[in-house]
Amino acid sequence: MAIWNLKEKSILIVDDFENMRTLVREMLMPLQPDKIIAARSGNDAIELLEKHTFDLVLCDYRLGSGRDGQQVLEEARHRNLLSYDAVFIIISAENTSRMVMGAIDYLPDDYISKPFTPSELHNRLEKIIYKKSKLKNISTAINDKNYSKAIALCEQKLQENPNGQTDLLRTQGELLVKLGRLDDAEQLYQDILKKRGIPWARLALGQVLYQQGNYEKAKIQFESLIEECPDYIAALDGLAGTLEKMGELEYCQTILTQAIEKSPKSARRQRKLATIALQNGSHEVAEKAYENAIAEGRFSCFGSLADVGGLAKSMVYQGKTEEAIKSINRIKKNFKQSDENRFHTALASSIVYRETNQLDKCQQDLDTAFSVIDTQASTLNPEVALELTQTCLTLDKPELANKVVKQLVNNHFDNEQLLDQVKKLYQQAGKLEEGSALIQSSKQEIVKINNEGVKLAQEGKLEQSIDFFVQAAKGMPNNATINFNAAYSMIRQMKATGDVSKYLPLSRHFLEQGHKIDPQNQKYFQLIKLAEEFGNKAA
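Residues numbered from 1 in each chain as written. Predicted model: local features only at pLDDT ≥ 70, side-chain atom pairs only at ≥ 80, totals over all residues. Heavy atoms only, no water.

Visitor: Looking at this structure, how should I read the overall build of the chain?
Guide: If you tally the helices and strands in the chain, you get 27 helices and 5 strands. For a compact globule of 539 residues, the expected C-alpha radius of gyration is about 24 Å, and the chain comes in at 25 Å, within 12% of that figure. Its C-alpha atoms give the chain principal-axis dimensions of about 80 × 60 × 45 Å. At a minimum sequence separation of 6, the contacts of the chain that also span at least 24 residues come to 61%. Roughly 26200 Å² of accessible area belongs to the chain as shown, and the carbon and sulfur atoms make up 47% of that amount. (Helix = DSSP H or I, 4+ residues; strand = E, 2+ residues; numbered from the N terminus. Rg over C-alpha atoms; globule rule 2.2 N^0.38 Å. Contact = heavy atoms within 4.5 Å. Areas by Shrake-Rupley, 256 points an atom, 1.4 Å probe, with all protein chains shown as cover.)

Visitor: Would you explain the side chain of Gln165 in this entry?
Guide: Counting through the fold element by element, Gln165 comes out in the loop between helix H7 (147-160) and helix H8 (166-178). Assessed through its relative accessible area of 19%, Gln165 is described here as buried. Side-chain polar atoms of Gln165 contact the backbone oxygen of Asn161, separated by 3.1 Å. If near-sequence neighbours (up to four positions away) are discounted, Gln165 is found in contact with Lys157 and Leu158. (Buried < 20%, exposed > 50% of the residue type's maximum accessible area, 1.4 Å probe, protein only. Polar contact = N/O pair within 3.5 Å; in protein donor to acceptor, adjacent residues only side chain to side chain.)

Visitor: Can you help me understand the pairing of strand S3 (residues 56-60) in this one?
Guide: Summarising burial for S3: 5 of the 5 residues are buried, a large majority. Of the two faces of S3, the one carrying Leu56, Leu58 and Asp60 and the one carrying Val57 and Cys59 are both buried. Note: S3 against strand S4 (residues 87-92), 5 bridges, orientation parallel. Across the sheet, the residue bridging to Asp60 is Ile91, located in S4. Regarding the hand of the β-α-β motif, the stretch spanning S3, helix H3 (residues 69-78) and S4 is right-handed. (Pairing = 2+ DSSP bridges. Right-handed = clockwise from strand over helix to strand, strands pointing away.)

Visitor: What is the right way to look at helix H16 (residues 307-316) in this model?
Guide: In an α-helix, one full turn covers 3.6 residues, which means residues spaced three or four apart are oriented alike. Taken across its 10 residues, H16 has 10 buried, putting it largely inside the fold. Taken residue by residue, H16 has Asp307, Val308, Gly309, Gly310, Leu311, Ala312, Lys313, Ser314, Met315 and Val316 as its buried positions. Of the surrounding elements, those touching the buried residues of H16 are helix H14 (267-280), helix H15 (283-296), helix H17 (321-334), helix H18 (339-355) and helix H20 (382-394).

Visitor: I'm lost on the domain arrangement of the chain in this one. Help?
Guide: Interface size is commonly expressed as the accessible surface area that is lost when the partners come together. The domains assigned to the chain are domain 1 (10-134) and domain 2 (460-538). The distance between the C-alpha centroids of domain 1 and domain 2 comes to 34 Å. (Domains from an automatic or database assignment.)

Visitor: Looking at this structure, how should I read the pattern of salt bridges?
Guide: Two side chains carrying opposite charge are able to pair once their charged atoms lie near each other. The final tally for this structure, using the stated rule, is 30 salt bridges. Where Glu228 meets Arg202, a salt bridge forms, and the shortest distance between an N and an O atom there is 3.1 Å. Taken as a pair, Glu228 in helix H11 (residues 215-228) and Arg202 in helix H10 (residues 199-211) lie far apart in primary sequence, 26 residues in all. (Salt bridge = Lys/Arg side-chain N within 4 Å of Asp/Glu carboxyl O.)

Visitor: What's the story with the environment of Thr22 in this structure? I'm lost.
Guide: Here Thr22 is to be found in helix H1 (residues 18-28). For Thr22 and Lys474, which are 452 residues apart along the polypeptide, the C-alpha to C-alpha distance reads 45 Å.

Visitor: Mind showing me how you'd approach H11 here?
Guide: With 14 residues, H11 should cover 20 Å at 1.5 Å per step; its first-to-last C-alpha distance of 20 Å lies within 8% of that length. Of the residues making up H11, those classed as buried are Ala218, Lys219, Gln221, Phe222, Leu225 and Ile226. Around the axis of H11, the buried residues are gathered within 165° of arc, so they sit on the same side. Of the residues in H11, the exposed ones pointing more than 90 degrees away from the buried face are Lys217, Glu227 and Glu228. For H11, the secondary structure elements touched by its buried residues are helix H9 (182-195), H10, helix H12 (233-246) and helix H13 (249-262). (Expected span 1.5 Å × (residues − 1). Arc of directions from axis to C-beta.)

Visitor: Help me understand unusual backbone geometry in this model?
Guide: A negative phi angle is the norm for most residues apart from glycine, just as the trans form is the norm for most peptide bonds. Cis rather than trans, the peptide bond between Lys114 and Pro115 has omega equal to -10°. Here Pro115 shows up in the loop between strand S5 (110-113) and helix H5 (118-133). Unusually for a residue other than glycine, Glu8 sits at a positive phi of about 70°. Relative to the elements of secondary structure, Glu8 occurs in the segment before strand S1 (10-14). Of the residues examined, Glu8 reaches a relative accessible area of 75% and is grouped as exposed. A positive phi angle is found at Lys145, which is not glycine, with a value near 60°. Structurally, Lys145 can be placed in the loop between helix H6 (136-143) and H7.

Visitor: Help me out: how do you make sense of the side chain of Ser349 in this one?
Guide: Along the chain, Ser349 turns up in helix H18. In this structure Ser349 comes out as buried when scored by relative accessible area, which is 7%. Residues within four places of Ser349 in sequence aside, it is in contact with Ile325, Ile328 and Asp365.

Visitor: Could you clarify how one ought to interpret the environment of Glu261 in this entry?
Guide: By the secondary structure assignment, Glu261 is in helix H13. Here Glu261 falls in the exposed class, since its relative accessible area comes to 64%. The spatial distance from the C-alpha of Glu261 to the C-alpha of Tyr111 is 23 Å, given a sequence separation of 150 residues.

Written out as C-alpha cells, the structure is:
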C-alpha cells in the first residue's frame, strides 16, 4: 500500500504513442489520482491546459510533428497555463546536450529517462511533490497574485528555519522584483552572497542591477559569473542584454554567439543574434541566425514570421537577391497558410525589391501586404512597421506610410527613440516636416483620448471610464498607458462599490498586459499593490 498518494490531483499525460500513454496511466492508478487525461500531441496538450487546471503534467519530449515537450512547457509557462505549484516533468528516451540545454529558459521540474519502472516514477514524483508542498501557502498566494502576502509568508518561514531554505530565498527575491522592490531585492541577494557565492544569486543580482539601470555594475557581475561558470546560459543572456543597452554591439554579438553554440534551440536568442549582427553589418551571421530563428520558432510560441523580413535583408545585403526570393517562397509554402504568412512573406519580398530598386515588383508585394494589413496593423511590431513605412515612402505612397505610422505612434507614443527612427525615414524621403507633424498630431490625439477617460473617472463616471479605456485598448493593444488606466478605473470602481467579482480578474489582465509592454513602468508596481488589497477581500 502506497505511503503517499495522488488523491485530489489532476494529471495530464502527453505522448504521441498510445501504448506509452496507457503504460504511464497504469503506473499512476495505484496512487489514486482524482483525474487522468491524456493528449497525443503538443497541440492537444495546449488545448487541454487552456481548458483545465492540472497539478501534474508528464510530457514526452518527442511528440511527432508540431510542438515538442519543451515547447509545450514554454508556452504553458509563458501564457500562465500552469499554476505556480504545478509539477511539469519531461519524459525522454534521449539525453542529448541539445535537448537539455534547449530547456534552459523554461526548466521542467524534472526529467525522467525511458525506460523507467513504476517504483522509479513513484519515488521521483514523491520527492518533487513533497518539495512543492512545503511552499503550498506561498504558492496559493502567488496563484492569487497576492505577491505581498507571499513575500510575508516567505519571511515567516525563513525566520522559523533560516537554514537550507534556498527555494524560499529564490521565491522571495523573484517576488520582490515582481513588485518593483528592486532595492530590497538587491539587499536580499547581497546578504545571500556575503555568506556564499551561489551562482543563481549572483545572476539574480546582475539582473536587478540591469533593471536599475546600473549597466556597468551589471556587466561586471555577469562577466565574473561567466568566468567561473562559462556554461551558464542565463548569465550570457544577461551580459548580452546589458551590452546592447551600453551600445557595445560587437561584444554583444560575440556573447550571443557563445550562448547559441551552447544552446541553439531558442528562437528568441537566435533572433536577438540576428538583429544585432544585422546592425553590425555581419550579414552572413545574421542570415544564419534568422534561418535558425524561423526553424526553431515554427512550433514555438516565441516564433514569428516577422523574421522573414530580417532574413531577406541579410541576404540581399550580400547580393543574394535570387536566393532571398527563393527562401521567402519556400517559407511561404512550408508554413501554415494564413494572413500572417501572406503579410510577412509579401513584406519580405517588397524589402528585397526595394533594396534592389525593382520598384514595380516592390509595389505588387506592397499591395499584397496591405490587402491583409487591417488584420495586422494594431499588432505590428515596431521593426516591421518601420520596414513597411520605409517601403511606402520609397514608392512615394505617403498616405499608406502615414496609416502605419499613426498606428505605431498610438501604441508607442512615449518611445522617443522609436519616433526618432520614424522621423529619419521621412527625412530620407524628403518629407521630414510631414512626418514630424503626423507624429505630433498622433501623440496629441492619444493624450486627448487618455485625458477623456481620466476625466470620466475623476467625475465619478467609473463604468463609462472603464468602457472607454477597454475600447481604447482594443484599438491600441500595445499602449501601456491605456492598459494601466483601464486597470486603474476598475480598481477605483471596486473601491467605490466593494464588489470585486466583476473587475478583479479583468483589472489584473490589463495590468499584466501593460507590464509586458513596459516592464519598468512604475504604474504597474503602484497598481498591483492596490489590486492585491482587493484580492485579500475576495479571498
